[in-house]
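Structural characterization, general
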Amino acid sequence: MGCNDMVPIGELIEFSRGGGWGSESPFDGSVRVAVIRGADFPSVQQGNYTGLPIRFEKKAKVRSVELHAGDIVLENSGGTATRPTGRTVLITQTLIDSYDCPVIPASFCRLLRFSPSIDSTFAYYWLQEMYHAGRTWGYQNRSTGLSNFQFKVFSAKECMPGISAEEQRHIACILAEIDKKIVLNNRTNGYLAALIAARFAEDFGDDCHTARLGDVLRISTKTVKPQDHAGEIWEHYSIPAFDESHRPVMEPANEIKSNKYIVSRNSILISKLNPSIKRFWLPACLTDHPVCSTEFIVFEPTRPENKSFYAAAISSNNFQNYLMVHVTGSTGSRQRAQPKSTLDFPMPNPSESA
């Protein structure tokens, strides 16, 4: 992104400093603190403020990095080959009030405090757009298996529009209301999913099986090589993305290092990896290039109009229990479900029982 009519973000940041991690136990001159890590960002963004690690850090360190409402925390290290660093979270007064001690960023994170002329919520949404648009890939330094965020490069090259504070607040207010609605919808969807699962189990118990899964769903293994599509941003469904935020990662195709399965709006994804953890995904297909990890089983319905019914069937506990009987590998993370064995799973068929 060029800087015509734009301002380098480094000129707008009033204060920036790396965080700390301290110790599990108190020591001389220490202060009890809650520490926010990159791993905590997704839950905090969904309004879940509990569960931050409680540590003990030097008083001087805490004085320099204690977080206040309006601060932004940026993930400085810890990205992977498929997920860049540069994630951000906005610190709210509600988060601060949730703890009876100071809240500080973790050592792999950085506190950003913008100048008074910048609305911090607007800055946060700009940084969110930067991340999801894939621009943070340009600020990575991967010397080892750990990705680091090149803050000086970012400060000089990433630019924000030079609009008035009033315009910033107006835009931020609209986006914040949309975010609140998303959080509410996600909670509602969670309640509905639990209700559907309970109703499905009640209406279609063990005595109502009328079809093999393989009669109504096929397994798709069609792959694509993203590296051949440099310059495009692809929608990538991966195990880490599911576990961290249950959202796909938008990333440059050439940064996706291995072949991936092609998915569609009708796809239903179930993780092969460690099936004791339920990872069930209906891809949104927000772009022209949605793909998923080959650690998923990609089901495609033979009758797309019944996709929701089939999805309810294979998101049930009965199906998960079936997967656990048909695995290879030892216990834990080495276990993998066997795609072909799922084809014999008995399930209700809408054409006969719905």
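For the structure itself, look to the data block above.
Let me sum up the structure you'll find in this document. (Residues numbered from 1 in each chain as written. Predicted model: local features only at pLDDT ≥ 70, side-chain atom pairs only at ≥ 80, totals over all residues. Heavy atoms only, no water.)

With that settled, the discussion passes to empty space enclosed by the protein. Gaps left between atoms are located by rolling a probe of water-molecule size over the structure's atoms. Per the stated rule, a full pass over the model turns up 2 cavities of 30 Å³ or more. Its volume calculated, the largest cavity comes out at about 90 Å³. What lines the largest cavity is Ile 270, Ser 271, Pro 275, Ile 277, Lys 278, Arg 279, Ile 314, Ser 315, Ser 316, Phe 319, Gln 320 and Leu 323. Residue assignment for the lining of the largest cavity shows that the elements contributing at least two residues are strand E19 (268–271) and helix H10 (317–325). Take the lining of the largest cavity: its biggest share by element is 3 residues, from H10. (1 Å grid on protein atoms, 1.4 Å probe; cavity = no way out; pocket = protein on both sides within 12 Å on 5 of 7 lines; lining within 4 Å. Points joined across faces, edges and corners; volume = space filled by probe spheres on them. Helix = DSSP H or I, 4+ residues; strand = E, 2+ residues; numbered from the N terminus.)

For Asn 274, which is not a glycine, the phi torsion comes out positive at approximately 45°. Structurally, Asn 274 is set in the loop between E19 and strand E20 (280–281). Judged by relative accessible area, Asn 274 falls into the buried class, the value being 11%. Even without a glycine there, the phi angle at Cys 285 is positive, about 55°. For Cys 285, the position within the fold is in the loop between E20 and strand E21 (290–292). Taking the relative accessible area as the measure of exposure, Cys 285 reaches 5% and is therefore buried. (Buried < 20%, exposed > 50% of the residue type's maximum accessible area, 1.4 Å probe, protein only.)

Quick look at the sheet that holds strand E7 (residues 88–90) now. The strand order across the open sheet built from 4 strands is E2-E9-E5-E7, with neighbouring strands paired in antiparallel fashion. Sheet topology places strand E2 (13–18) and E7 at the edges, where each strand pairs with a single neighbour. Strand-to-strand twist in this sheet, taken as the mean axis angle between neighbours without regard to direction, amounts to 20°. As paired strands, E2 and strand E9 (residues 109–114) are joined by 5 bridges and run antiparallel to one another. (Pairing = 2+ DSSP bridges. Axes fitted to C-alpha atoms, helices over the stretch in contact; angles between N-to-C directions.)

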